[in-house]
Amino acid sequence: MNPLSDTIAALATPPGEGGIAVIRVSGPDALNLVDRSFRGKVTLPSVVSHTAHVGEIVDGKHLVLDQVVCLVFRGPHSYTGEDTVEVSCHGGTFVSQRVLQAILDSGARHARPGEFTQRAFLNGRMDLSQAEAVADLIHAHSDMAHRASIQQLRGSVLQSVDALRRQLMDTAGLIELELDFVDDGYEFKDKDVLRSQLTQTIARIDELASTYRYGRIWREGVHIVIAGSPNVGKSSLLNALLNADRAIVTDIPGTTRDFIDESINLDGITCRLTDTAGLRLTEDPVEREGVDRAVRLSDEADIVLFVLDQSRAIADEELTWLRKLIKEGGSVRRKSIVVLNKTDIPSAPSAKVDALLNSLPHLNIVRLSARTGEGLRGLKKAVVTIVRAGMVGPAQETVVVTNSRHFHALTQAKSRLELCLDSLDQGRSGEFIAVDLRAALENLGEIVGAVTTDDILNNIFARFCIGK
Ligand SMILES: Nc1nc2c(ncn2[C@@H]2O[C@H](COP(=O)(O)OP(=O)(O)OP(=O)(O)O)[C@@H](O)[C@H]2O)c(=O)[nH]1
Ligand SMILES: [Mg+2]
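Quick caveat: nothing in here was measured; it's all calculated off a predicted structure.

Visitor: I would appreciate a short explanation of unusual backbone geometry in the present structure.
Guide: Where the residue is not glycine, phi is negative for most of them; where a peptide bond is considered, it is trans in most cases. The omega torsion across G75 and P76 is 0°, close enough to zero to call that bond cis. With respect to the helices and strands, P76 occurs in the loop between strand 5 (64–73) and strand 6 (84–90). Positive phi, normally seen in glycine, also occurs at H50, with a value near 60°. Note on placement: H50 falls in the loop between strand 3 (38–40) and strand 4 (51–58). Here H50 falls in the exposed class, since 11 other C-beta atoms lie within 10 Å of it. In the Ramachandran plot, N231 falls in the positive-phi region, its phi being about 75° despite a non-glycine side chain. Here N231 lies in the loop between strand 8 (222–228) and helix 9 (234–242). Assessed through the 19 C-beta atoms surrounding it within 10 Å, N231 is described here as partly exposed.

Visitor: What am I meant to see in helix 10 (residues 285–300) here?
Guide: Given 3.6 residues per helical turn, the α-helix brings residues three or four places apart onto the same face. Relative to the 22 Å expected for 16 residues at 1.5 Å per residue, helix 10 spans 23 Å between its end C-alpha atoms, a close match to the ideal helical length. Regarding helix 10, the residues found buried are G290, V291, A294, L297 and S298. Each buried residue of helix 10 lies within a common arc of 125° when the element is viewed along its axis, so the set occupies one face. In helix 10, the exposed positions that point more than 90 degrees away from the buried face belong to P285, D292 and E300. Contacts from the buried residues of helix 10 go to strand 8, strand 10 (269–275), strand 11 (303–309) and helix 11 (316–326).

Visitor: Please clarify how the nonpolar core should be interpreted in this entry.
Guide: For soluble globular proteins, nonpolar side chains are generally found buried alongside one another. The biggest cluster of nonpolar side chains holds 112 residues, and the ones touching the most others in it are V34, F306 and V339. For this core, the element with the most residues is helix 15 (residues 430–448), which contributes seven residues. Those residues in contact with V34 that lie beyond four places of it in its chain are V25, L44, C70, V85, V87 and I103.

Visitor: I tried to follow the site of ligand 1 on my own but got confused; where do I start?
Guide: Surveying the vicinity of ligand 1 reveals 23 residues, the closest of which are G233, S235, S236, T256 and G278. Of the residues assigned to the shell around ligand 1, the class counts are seven nonpolar, eleven polar and five charged.

Visitor: Quick question: what am I supposed to make of the packing of helix 5 (residues 143–153) against helix 8 (residues 212–220) here?
Guide: Any two packed helices are characterised by how steeply their axes cross, that is the angle between the axes, and by the distance between the axes. Running from N to C, helix 5 and helix 8 point in directions that differ by 120°, and their axes come no closer than 7 Å. The angle between the axes of helix 5 and helix 8 places the two elements in the oblique class. Remark: the crossing between helix 5 and helix 8 carries left-handed chirality. Residues M144, A145 and A148 of helix 5 touch helix 8, and the partners they reach there are G215, W218 and R219. In terms of residue class, the contact of helix 5 with helix 8 is built from four nonpolar, one polar and one charged.

Definitions and cut-offs
- Residues numbered from 1 in each chain as written.
- Chains lettered and ligands numbered in written order.
- Predicted model: local features only at pLDDT ≥ 70, side-chain atom pairs only at ≥ 80, totals over all residues.
- Helix = DSSP H or I, 4+ residues; strand = E, 2+ residues; numbered from the N terminus.
- Buried ≥ 20, exposed ≤ 12 C-beta atoms within 10 Å, placed from the backbone.
- Expected span 1.5 Å × (residues − 1).
- Arc of directions from axis to C-beta.
- Contact = placed C-beta atoms within 7 Å.
- Core = buried A, V, L, I, M, F, W, Y, C linked by C-beta atoms within 7 Å.
- Near = placed C-beta within 6 Å.
- Nonpolar A, V, L, I, M, F, W, Y, C, P; charged D, E, K, R; others polar.
- Axes fitted to C-alpha atoms, helices over the stretch in contact; angles between N-to-C directions.
- Parallel < 35°, antiparallel > 145°, perpendicular 65-115°, else oblique.
- Left-handed = near helix turned anticlockwise from the far one by under 90°.

Structural data, given as structure tokens:
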């Protein structure tokens, strides 16, 4: 059956009580169908598009259910591209369900999650990347996620990918042209042109794909791992940053065994904070697993907070961990901060620590007390500075890939084009190159939905809420 031949309906506002509730109805029969339950001065099929009409909704037994306003949008000038009626009724759970039921009884089918947006895509009102941006926008919980999804909704990814596809079509044209003249042993006439076109496209794909790093941070937040020896106050720091007693704090070393993940918002930046098990060499298998995880998490983190207890002498083992975690190759990881905790109690002067810290000139060092909260603001500022400076650095107008599906499609397209280059260098026949080029074009087409499978579509729209 044609998926667009029936008329769908769903509550578009969240369930629960509110000022108004909106029931959205879309499909070829939307106007007639709502009109069966609508009593007003006009009949809906007779009105012009983009108008509002007051009336009552009645059930099958002509019982009045509510007073409503119907907004009429005629296709193709509607969100879905189809005839659409948005029925605004009073926002009670019971009354909105009754109104919806009356519309379903008149012949509408209850919409699946994301089905309105899916129809918008199928009717060419938006490409797939824009449809995905709708879901991202709804799920956005930070300035950056919001900015990224609006950018994508306005067509940033679509335009970049379309430009890439046009470039590749030109290249494909060149190859097809040559194929027409192909004879055994024929060499490409425009080998250099072809190579330079492919190289350029690969570079552009790389550029776009490399923004995914920012994109991930925009969507999921900056991942901050709190690491350090047992008992230095890592869990206390987590609690202080969250302003809540989330992690267990005791004076027994080795309290935290597994990691604890929480989210905070710093200056509009979503941060995922992870508290880890204290780093030490231990025989206890549970604790050792915790330590291994702490090291792994620190390696993957965007920012590592390495906590030291400045009130006691620092052990050699601790310095080894410190070096291990904050060094990247020969230099300091840009994204680490050494936290000297417990400034509310006297410090134990340590020449070793001073020497180490001095030897790492670009290291961020923050002194604070997780217990009193003194110095905490300095730490937050240091985090925000790191994030703003380097990691979330692309200019406002840069297109950022936030979606892992897009990223993988770009990566696949790139490897296909590298195969094309290979074939070119090996002097393989043009048909080989053409096949890989077409595959790359398909990969790019998947991003915007020029090429789709039911699996892709189902996966994408399942993320939506019903009514969107
Ligand atoms: N005076 C003082 N004590 C602190 C401070 N921060 C933490 N402590 C104390 O240090 C001890 C250890 O704190 P935790 O937060 O459990 O330390 P941890 O690093 O998570 O320890 P493990 O989970 O065992 O690795 C507790 O007794 C805390 O009360 C601080 O800023 N000042
Ligand atoms: Mg702990």
